[in-house]
Amino acid sequence: MTVETSLQINAKPQTRKLPSASTIAFVILVLTAPLFASHYWLMAIITPVMILSLAGIGLNIKTGYAGMVSVGAGAFMAVGAYGMFNFAAHGGITNFPLALLLGGISAAIAGYLFGLPSSRIKGFYVMVTTLAAQFFVEWLFTKNAYFYNYGSVPTITLPPMTLFDLDINGNNTIRYYVVVIIVLLMTLAAKNIIHSHVGRNWMAIRDMNTAAGVIGIDSARYKRLAFTIGSFYLGIAGALWAFLFLGTASTLSFDINRSFQVLFIIIIGGLSSIRGNFIGAAFILLLPILIDYMVKATLGSALNPGFLSNMNKVIFGSLIIILLIKEPEGFDKMLRNLTGYIKRRKS
């Protein structure tokens, strides 16, 4: 079998499957959570998990599906947040969905521009390009007062916004549902893109770049498209993180640590996996809380806070290393293996 034949076989449209029982249960759970969950769980746990999952999808489009390693996720999240702020504060756009969309488009444009070199470089050099984007964006939004609220502290806070006459600033339940609905709709859109010819071409380029070019796939075009769409998702996630989770933000909210956090999410959850982004985000946010609770319950709450913080990092890092050694494809692969094992046991 030739390489061309192999790619053509892999590029055949996959049969659309109905949502799994776990997917349906997850959607029902997040939509009905306000009926039984506390304010802490809604706004401090589920909301950031959903937003970071959306950021993970954006980075996964670039890295997991198109094969371009990126460490600048925080930069494009910042462009989305600062773009939305400037359209609202300086452009007078008080319609929340429109300002959010424009913030995402701003991030998409930035992603396209920083993705231009990807047509000529690959691997480590693409990673360096995205790292340069991270530091450039931080410098730009920190040093230029036009991009943030005027004052001694360079932060961004939205003016009063409208959303179908609903109070999105003072009502936490409405803020929660806005985040959940946006994330679910964009997740569905990402899944459709991945299962379209666009997603199949991304995976062909990722697996065999040269061979993909031989059968007529314009790798440069599809790489730029991956950067653009992935950055759009990151921009929307950044705007939601700034204004519906934090309420206000600065460049510190989207620094290099945020970029590594999103990168760890897709590695732990599983590259080339939509579901894995939600698993990875939940793991990243919930594990430190669980470790902190167990350490305090075991050793007592009188321990030095600095010691607790360092112990948290050591345990967290060790668990990540063990996970990557045991299952490099992440929790999603482990879940698929477990499901397959259960089905074989039943048959």
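The chain is annotated in an unreviewed UniProt entry as Branched-chain amino acid ABC transporter permease of Borborobacter arsenicus. Per its UniProt entry, the chain bears the Subcellular location (unreviewed entry) comment "Cell membrane".

Novice: Describe the side chain of asparagine 86, naming the residues involved and giving the relevant values.
Specialist: By the element assignment, asparagine 86 lies in helix H4 (residues 73-89). Relative accessible area serves as the criterion here: at 12%, asparagine 86 is assigned to the buried category. Polar contacts involving the side chain of asparagine 86 include one to the main-chain carbonyl oxygen of tyrosine 82, which spans 2.6 Å. Once you skip the residues sitting within four places of it in the chain, asparagine 86 turns out to touch Gly91, Tyr146 and Phe147.

Novice: How would you sum up the pattern of salt bridges? Please name residues and give values.
Specialist: Overall, the coordinates contain four salt bridges when judged by the stated rule. Between arginine 275 and aspartate 332 there is a salt bridge, and its shortest N-O distance comes to 2.7 Å. Here aspartate 332 lies in helix H14 (residues 330-346) and arginine 275 lies in helix H12 (residues 274-299), a separation of 57 residues in the sequence. The exposure class assigned to arginine 275 is partly exposed, which follows from its relative accessible area of 31%. Exposure remark for aspartate 332: the relative accessible area of 5% places this residue in the buried category. With a closest N to O distance of 2.4 Å, arginine 336 and aspartate 332 form a salt bridge.

Novice: Before we move on, can you summarise the nonpolar core with the specific residues and values?
Specialist: Burial of nonpolar side chains together is a common tendency in soluble globular proteins. Counting 97 residues, the largest nonpolar core has Met50, Phe96 and Trp202 as the members making the most contacts within it. Ranked by residues supplied to this core, first place goes to helix H10 (residues 219-246) with 14 residues. With residues near it in sequence (within four places) discarded, phenylalanine 96 still touches Met84, Leu158, Met161, Thr162, Leu163, Ile168, Val178 and Leu244.

Novice: Let's hear about the packing of aromatic side chains: which residues, and what values?
Specialist: Within this structure, the stated rule accounts for 11 aromatic pairs. Centre to centre, the rings of phenylalanine 114 and phenylalanine 136 are 6.5 Å apart; their planes meet at 55°, and the pair counts as tilted. Of this pair, phenylalanine 114 sits in helix H5 (residues 96-115) while phenylalanine 136 sits in helix H6 (residues 124-143), and the two are 22 residues apart along the sequence. Look at phenylalanine 114 and you get partly exposed, because its relative accessible area is 24%. The class of phenylalanine 136 is partly exposed, set by a relative accessible area of 41%.

Novice: So what's going on with helix H3 (residues 39-65)? Which residues, and what values?
Specialist: Along its length, H3 shows its largest kink, about 40°, at leucine 59. Burial of H3 is extensive: 23 of the 27 residues sit out of reach of the surface. At the C-terminal side of H3, glycine 67 shows a positive phi close to 75°.

Novice: Can you lay out the environment of isoleucine 291 for me, pointing to particular residues and giving the numbers?
Specialist: Checked against the element boundaries, isoleucine 291 lands in helix H12. Here the alpha-carbon distance between isoleucine 291 and serine 309, two residues 18 residues apart in the chain, equals 10 Å. Discounting chain neighbours no more than four positions away, the residues touching isoleucine 291 are Asn312, Ile315, Phe316 and Leu319.

Calculation rules
- Residues numbered from 1 in each chain as written.
- Predicted model: local features only at pLDDT ≥ 70, side-chain atom pairs only at ≥ 80, totals over all residues.
- Heavy atoms only, no water.
- UniProt positions renumbered as here; feature names shortened; annotations may be inferred.
- Helix = DSSP H or I, 4+ residues; strand = E, 2+ residues; numbered from the N terminus.
- Buried < 20%, exposed > 50% of the residue type's maximum accessible area, 1.4 Å probe, protein only.
- Polar contact = N/O pair within 3.5 Å; in protein donor to acceptor, adjacent residues only side chain to side chain.
- Contact = heavy atoms within 4.5 Å.
- Salt bridge = Lys/Arg side-chain N within 4 Å of Asp/Glu carboxyl O.
- Core = buried A, V, L, I, M, F, W, Y, C linked by side-chain atoms within 4.5 Å.
- Phe/Tyr/Trp six-rings, centres within 6.5 Å; stacked < 30°, edge-to-face > 60°.
- Bend = angle between axes of the 7 residues up to and from the residue.

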